[in-house]
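Per-entry structural report
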Amino acid sequence: MYAFEIERPSTIGDAASALGHDGAQALGGGQTLIPTLKQRLAAPEKLISLTAIPEMQGVCIGDAGEVCIGGATTHATVARETAKSYPALSGLASHIGDPAVRNRGTIGGSLANNDPSACYPAAALGSGATIVTNTRKIAADDYFQGMFTTALEPGEIITEVRFPVPQKANYQKFVQPASRFALVGVFVAKYADGVRVAVTGASEDGVFRWDAAEAALSRDFSAAAIEGLTASATNLISDLHGTPAYRAHLIKVLTKRAVMAAA
Amino acid sequence: MPKDHGIGASSKRREDVRFLTGKGNYTADITLYGQTYAAFARSNVAHAKIKSIDTSAAEAMPGVLAVFTGADFADVGGNPAGWLIQSRNGETMKEPKRPVLAHGEVCHVGDAYAAVIAETVAQARNAVEALVVDFEELPAVVDMADAVADNSKRARTELTDNICFDWGWIEDNRAAVDAAFASAPHVTTLELVNNRLVPNAMEPRASIGVYDASTEDYKLYTTSQNPHLTRLLVAAFVMGIPEHKLNVIAPDVGGGFGSKIYHYGEEALVLAAAKRIGRPVKWVADRTESFLSDAHGRDHVTKIQLACEKDGTFLAVRTETLANVGAYLSNFSTATPTFLHGTLMAGPYKTPLVYVNVKAVFTNTAPVDAYRGAGRPEATYSLERVIDMAARELNLDPWEVRRKNLITTDMFPYTTPVALQYDTGNYQATLDKLIELSDKAGFEARAAESAKRGKMRGLGLSTWIEACGIAPSALVGALGARVGLFDAATVRVNPTGNISVMVGAHSHGQGHETVFAQVVSSMLGIPEANIDIVHGDTAKIPFGMGSYGSRSLAVCGTAMTKAVDKIIAKGKKIAAHMLEASEGDIEFADGKFSVAGTDKAKTFGEIAFSAYVPHNYPLETLEPGLEETAFYDPANFTYPAGAYSCEVEVDPDTGKVEIMAFTCADDFGNVMNPMIVNGQVHGGVAQGIGQALLENTSYDGNGQLVTASYMDYAMPRADDLPNYTVDHSCNTPCTHNPLGVKGCGEAGAIGSPPAVVNAVIDALARAGKPVKHIDMPLSPARVWAAMNA
Ligand SMILES: Cc1cc2nc3c(=O)[nH]c(=O)nc-3n(C[C@H](O)[C@H](O)[C@H](O)COP(=O)(O)OP(=O)(O)OC[C@H]3O[C@@H](n4cnc5c(N)ncnc54)[C@H](O)[C@@H]3O)c2cc1C
C-alpha cells in the first residue's frame, strides 16, 4: 500500500466537492478498493469515505412503493431490512462474500465497481432500478456499460438506489469455487408489465438482459416456457472456472431455477 | 471408560490455549530492538537473462539501508538437494545451482533477484519498485511434455535438456514386468494428472536475521518445520557460517504441510543483511509471495497400467511418470517422486511385479517438493484409480477386487517388489470396518432417494498404505539421501521433580506439546501438567531432524521413550543408593522406586531432589543429576494403512459435486491421543478433498501463475466438507518401535483423493453417463464437460 490521506465528510455536498480534486477517490466499504491498494495496483492521494454520511445510509420505502437504499448501505443491512419488502434482493445481499464483507461492503461501491461477476448489478438491471447520484438519476438500462464500466462521471457519487418491487423475483447464484462471486448469476423479476432477466458473471460485457427469456417468460412465467431456448455462448467469459458453453448452459439452468423458486 | 490422562487419553491440546487466545508467538510477532525490514524484487516473467540491475535510485530512496543482488552471493554456496538420484543409465541427476538470489538468470515468476533493506516495510517496497532491471526474455518451459520433447527450450540455460533424472524402480524387474504385460489376459491403461497444489499454510513464511558483532554469533528466527536441518543447510552449505555460530529458532509456526521443511534463500538473505547493516532484518511474506515462491506440491503426469486376470487378480503394475521439479531443486524434491512414490506402488496388494519409471522435469515454474503425503498420495491416487477402472472394465465389484488382492495377515512381514518390507497390518479388517461404518449395505436406498431429488449418487473407495516414520538412515543413505533421518530427545528432570523434554521434532499445529507429555506422564507416573515439551530452538534441543513424513512420534517419540528409559535406569541407581539395596532389586512403577518384596520406596520427586543434592553420593559410581539424551534411528519405515470411502451427489444440471459422507477406517498402530489423531485425519481429508474437487494451480503458456490468489485458487472451506466418520479400532501396533505407533499426519491426504474421484465416476456410471476418468480438481465445469462430452 502507498501512503494516502483520508477524509470522512458528513454530507453529500462535502463529499462531492472533496471528490472534485485530482487524485481523490471515493471509499465505500473498501472491500474492493482496499485489496487493490494493498497490492499497490492503485495509488489515490486521498480517499473520501462515504460511510459517515447519514443521507446515504439505510433502507426506506419510496412514494411509488419502491425500495430505496442509501448508496453507502452495507450488504448486511440490505439483507436484513429488505427481507420483507424485497425478499429476492435480501437473499442476494445475504449471499455476497462472507459476514465481514457484508458488514463493510456497500451497494454503491458494488454498483460503481461493476465487477462482471458481482451480484448487485444483476438485481439492479433485473429490477429496472434507478441509480441516483449527486447530480442525476440514471436508469439501470443506461447505467451498465460493460465490465467495470458505468455511466458514472469521475467524482460522481451513487447516493441511492431505487428498486421497483416486482410481483415475484428470485436470484440464483452459481458460485465460482474460489472467489465465490457468481460464476453465473441470474436475477428474474416479474412485473405487471413484463419479466426482466438479468445475467451476471457470464459475459465479457458485464451484466446483461436475456431478451429471449424475458419475452418467453412474459408470455408464460414458467420454467417450461424457456425449455426451448438456448443462451448464446458468444462473447461469454472463458476462464479456468468455465467455458463459454458451460456458462451459456448455466444461464438457462439458473433461469429455470429462478423462475421455479420465484413462482 | 475413556482414559482421562496419559497414553490413550484425549487430553485437550494445551497449546491451543495460546493459539486460540491470540497469544501465540509467531515469527511475525517478534519485534527486536533496531529491527529493519527486507523486501524482495521478484521476477514478473518466467525466464529471462538479467542483463543489468541498476540499484542507484533505490539506494537513494528514503530509509534504505542496503540493496542486495545475486552478485552479492556469487561466491557463496547453493541450496542443495537432499537426495542424489541415479538415472537408469547410471548417470547422476543434474543439480544446477540454486542461489540465494537469482544471478544472471531468473527462472520462474516470483524468483527473487534483489532485496532491499529499509527502516520500514513500505520504504523497502518503494525502493524495490525503484530498482531498474533489464531482462532479456528467454523462452519459458512450462508444459512437462513439451519440456521433454523439445530440448531447444531449456528451463535453465546451463542445462543441455530439461530432464533432471530418468529413474527406474526397480530396473531389474523391468523385463519380467513387461513380459507379464505381454501375456496378461487384461490390461487397463490410465493417463492422469496429479494436480499441482499450493501449500497455503495459514502463516506465510517469515524470517528474522540477527548478527552480534561482539561474539560473531548469528541468530535466525524462521518459519521452519526442522530448525536443525535449516541450520545445517544455511550454515554449512550456503553461507559458510560455522554451525556453532548460528542459532536457529522456529517459534510457533502456523502450518507447514511440507512447505516449511526446506531452506529458502530469504533465510540466508536476512542473515547476510543483518551482518552487513549491524541490525536485525525481518521479512514476512505476503500472500502473493507465498503463492509465487513457496515450494508447491504434487504435479505429476502419469500413465499407469494394471495387468490382471479376468477375475481381477493383479499380475503387474507399470507406470511412467513425469514429475515437475520446477526451476530449482528444492531440498526433498528429488526424493518425493522417487523413494516416497515408486516404493509405494505395490500399495497394500499382493501384486507380484511392479515397475516404476519417473522422469523429473525442470520447468520455469516454482519449485515443487513434498506436500502432505509427498509422493505417497501420487502413488495411491494412480493405483486406486486404475484399480477402479479395471474393475469397471471387467464388470467386477471394485470393493471385491481390492479384497481379493490385499496382502493377508499371514503374509507379514511382507516384502514388496518395490523394496519395502511391511512389518504388520490387517487390511481386511479396515476394509470390513469401512463396509460397516459407511453403511455400504444401505447405499442403494440412499441412491434411490437421491435420484428422486434429481441427483446422481455415487460411492467410491480407496484402500491405501503409506510408508512413514521417516526413516532408517542406512536404508535412505543407500537410496541417495545426503542426510540421516534419526531423531533425538533430552529429558531433563529438575530438582523439584518436574520435567523439561527437549525434542528434535517440531510442532507446527500437530499438538506435540500435549501428546509427548502424555507419553512421558504415562511412563513416569507423574502428572502431564508437570511436563513441558521444548522444541524449535537449536540452542535448547538436541540435534533432531524435525517434523514431516508423519515421523514425530514414531521417530522422535521413540527417542524420547529411550531417554525416559535411561532416566528410569538412573533413578534406580539413585534409589538403590538411597534405600541401601542392590540396583537389581529396585522396581519402578506408578512414579515410585521400591525394593522388590518390601515396603521400602522413594517417590520420583525424592529421587529427583536427591540427584541434585548429592550430599553422600558414591561419586565414583554415581553421577549427580538426572538428565538423559537419546538418539534413535528407526529400523524400518512404519506402515499406516486403511480404507476410505466417499459418498457423493452430483448435480446433473451443473456438474457440481457434493460430498454426502466420508468414512475412514485407519490402522495407525497404537493411538496416543484419539482426539488429536481424529483432528489429523480431518485435516488431511480436508486437504485431500481440496485436491480432488477444488485446488488447481494453473500456469499459462508464458509461465504466469494464473491462480496466484484466493480469487482463483479454491481452498476447501468448512461448507465444502462433510462430517467425517473416523475409526481407528483396527490397529495393529508397529512391531519395531516401543510405542507401537505408525503415524497419522498424512493419511487423510493420501487416502482421500482417489475415494472422491472414484465416487464421482461411480455416480456418473450409475446414472448411465459412463466417463472413464476426469482429472482433478473435479470442478463443476470439468464434471459437466465430461458428462456432456
Ligand atoms: C472476500 C470477498 C468476497 C466477495 N464476494 C462477493 C460476492 O459474492 N458478490 C458480490 O457482488 N461482491 C462480492 N464482493 C465484493 C463486495 O461486494 C464489495 O463490497 C463491493 O464490490 C464493493 O463495495 P465497497 O463498498 O466495498 O466499495 P469500495 O471497495 O470501497 O469501492 C469500490 C469502488 O467503488 C467506488 N465507490 C465506492 N462507493 C461509491 C459510491 N457510493 N459512489 C460512487 N463510487 C463509489 C470506489 O471509489 C471504488 O472505485 C466480495 C468481496 C470480498 C473481499
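All values derive from a computational prediction rather than experimental measurement. (Residues numbered from 1 in each chain as written. Chains lettered and ligands numbered in written order. Predicted model: local features only at pLDDT ≥ 70, side-chain atom pairs only at ≥ 80, totals over all residues. Heavy atoms only, no water.)

**Considering the overall build of chain A**
Helices and strands together make up the secondary structure of chain A, namely ten helices and twelve strands. Its C-alpha atoms put chain A at 55 × 45 × 30 Å along the principal axes. Carbon and sulfur atoms form 51% of the exposed surface of chain A, whose accessible area is close to 11,000 Å². With 22 positive and 24 negative side-chain charges, chain A shows a spacing of 9 Å between the two charge centroids. (Helix = DSSP H or I, 4+ residues; strand = E, 2+ residues; numbered from the N terminus. Areas by Shrake-Rupley, 256 points an atom, 1.4 Å probe, with all protein chains shown as cover. Lys, Arg positive; Asp, Glu negative; His and termini not counted. Charge placed at Lys NZ, Arg CZ, Asp CG, Glu CD.)

**Structural notes on the overall build of chain B**
If you tally the helices and strands in chain B, you get 19 helices and 28 strands. In terms of overall dimensions, chain B has a C-alpha envelope of 85 × 75 × 55 Å along the principal axes. Across the 789 residues in chain B, those meeting the buried criterion constitute 63%. Accessible surface for chain B amounts to roughly 27,100 Å². Of this, 52% is attributable to carbon and sulfur atoms. Of the charged side chains in chain B, 68 are positive and 91 negative, and the gap between their average positions amounts to 1 Å. (Buried < 20%, exposed > 50% of the residue type's maximum accessible area, 1.4 Å probe, protein only.)

**Details of the pattern of salt bridges**
All names here are of chain B. For the structure on display, the rule yields 57 salt bridges over all chains. Across the pair E393 and K772 runs a salt bridge, and its minimum N-O distance is 3.7 Å. Residue E393 is found in helix α9 (residues 376-393), and its partner K772 is found in the loop between α18 (747-766) and α19 (780-787); the two are separated by 379 residues along the sequence. By relative accessible area, E393 is classed as partly exposed at 32%. On the basis of relative accessibility, which here comes to 58%, the residue K772 falls in the exposed class. (Salt bridge = Lys/Arg side-chain N within 4 Å of Asp/Glu carboxyl O.)

**Some details on the packing of α9(B) against α18(B)**
Relative placement of two packed helices is described by the angle separating their axes and the distance separating the axes. All names here are of chain B. Where α9 meets α18, the closest approach of the two axes is 8 Å, and the angle between their N-to-C directions is 25 degrees. Classified by the angle between their axes, α9 and α18 sit roughly parallel to one another. Considering only the axes of α9 and α18, their crossing is right-handed. For the pair α9 and α18, contact is made by R376, P377, T380, Y381, E384, R385, D388 and R392 and by A749, I750, P753, P754, V757, N758, I761, D762 and A765, respectively. Considered class by class, the residues forming the contact of α9 with α18 number nine nonpolar, two polar and six charged. (Axes fitted to C-alpha atoms, helices over the stretch in contact; angles between N-to-C directions. Parallel < 35°, antiparallel > 145°, perpendicular 65-115°, else oblique. Left-handed = near helix turned anticlockwise from the far one by under 90°. Contact = heavy atoms within 4.5 Å. Nonpolar A, V, L, I, M, F, W, Y, C, P; charged D, E, K, R; others polar.)

**So, the domain arrangement of chain A**
Taken domain by domain, chain A consists of domain 1 (1-49) and domain 2 (168-262). Just the C-alpha atoms count here: the centres of domain 1 of chain A and domain 2 of chain A sit 34 Å apart. (Domains from an automatic or database assignment.)

**Structural notes on the interface of chain A and chain B**
With 19 residues of chain A in contact, the opposing surface of chain B contributes 24 residues. Regarding the contact of chain A and chain B, the summed buried area is about 1,800 Å², with carbon and sulfur atoms giving 53% of it. Counting the contacts that link chain A with chain B gives five salt bridges. Between B:D719 and A:R180 there is a salt bridge, with its nearest N and O atoms 2.7 Å apart. Taken together, the links from chain A to chain B amount to 16 residue pairs in polar contact (both at pLDDT 80 or more). Looking at the side of chain A that touches chain B residue by residue, the class counts come to ten nonpolar, six polar and three charged. (Buried area = accessible area lost by both parts, 1.4 Å probe. Polar contact = N/O pair within 3.5 Å; in protein donor to acceptor, adjacent residues only side chain to side chain.)

**Thoughts on the site of the ligand**
Residues and elements named next belong to chain A. The immediate surroundings of the ligand are formed by 29 residues, with A26, G29, G30, L33 and T106 found nearest. The separation between an oxygen atom of the ligand and a polar side-chain atom of H75 is 2.8 Å. In this structure, I158 approaches the ligand through a main-chain N or O atom, which is 2.9 Å from a nitrogen atom. Contact with the protein chains hides 89% of the accessible area of the ligand, taken as 960 Å² for the molecule alone. Residue assignment for the shell around the ligand shows that the elements contributing at least two residues are β2 (24-27) and α6 (107-113). With four residues, α6 is the largest single contributor of residues to the shell around the ligand. In terms of residue class, the shell around the ligand is built from 13 nonpolar, 13 polar and three charged. Domain assignment of the residues forming the shell around the ligand places at least three in each of domain 1 (1-49) and domain 2 (168-262). (Near = heavy atom within 4 Å.)

**Description of the nonpolar core**
All names here are of chain B. Core analysis: the largest hydrophobic core is formed by 155 residues, its most contacted members being Y422 and F662. Broken down by element, this core gets its largest block of residues, ten residues, from α18. Not counting the four nearest positions on each side in its chain, Y422 is found in contact with A346, G347, I407, F412, P413, Y414, T416, Y427, I465 and Y639. Formed by 47 residues, the second largest nonpolar core is a distinct cluster that contains A489, I568, L622 and I676. (Core = buried A, V, L, I, M, F, W, Y, C linked by side-chain atoms within 4.5 Å.)

**Considerations on the confidence of the model for chain B**
When pLDDT is averaged along chain B, the result is 97, and 100% of the positions lie at 70 or above. Of the two predicted TM-score estimates for the complex, the pTM is 0.97 and the ipTM is 0.96. (pLDDT = per-residue confidence, 0-100.)

**So, helix α15 (residues 552-579) of chain B**
All names here are of chain B. Along its 28 residues, α15 runs 38 Å from first to last C-alpha, staying within 8% of the 40 Å computed at 1.5 Å per residue. A maximum bend of about 25 degrees is found in α15 at T558. Across the 28 residues that make up α15, a large majority, 20, are buried. Downstream of α15 by a residue or two, E580 has a phi angle that is positive, lying close to 55 degrees. (Expected span 1.5 Å × (residues − 1). Bend = angle between axes of the 7 residues up to and from the residue.)

**Describing the packing of α15(B) against helix α16 (residues 604-612) of chain B**
All names here are of chain B. The N-to-C vectors of α15 and α16 enclose an angle of 85 degrees; their axes lie 10 Å apart at closest approach. Judged by the inter-axis angle, α15 sits roughly perpendicular to α16. On the side of α15, the interface is formed by I567, G571, I574, A575 and M578, while α16 contributes F604, E606, I607, S610 and A611. Classifying every residue of the contact of α15 with α16 gives seven nonpolar, two polar and one charged.

**Re the domain arrangement of chain B**
Residues and elements named next belong to chain B. Partitioning chain B into structural domains gives domain 1 (31-140 + 202-255 + 260-293), domain 2 (300-471 + 636-787) and domain 3 (486-632). One C-alpha centre belongs to domain 1, the other to domain 2, and the line joining them spans 36 Å. With 34 residues of domain 1 at the contact, the number on the domain 2 side is 30 residues. Roughly 2,600 Å² of surface becomes buried between domain 1 and domain 2 when both sides are summed, with 61% attributable to carbon and sulfur atoms. The three residues of domain 1 that bury the most area against domain 2 are W83, Y262 and F291, which together make up 27% of that side's buried surface. Scanning the region where domain 1 abuts domain 2 turns up zero salt bridges. Going through the elements one at a time, α6 (227-239) and α8 (287-293) are the ones with two or more residues in the side of domain 1 that touches domain 2. The element that contributes the greatest number of residues to the side of domain 1 that touches domain 2 is α8, accounting for three residues. Its residues placed into classes, the side of domain 1 that touches domain 2 shows 20 nonpolar, six polar and eight charged.

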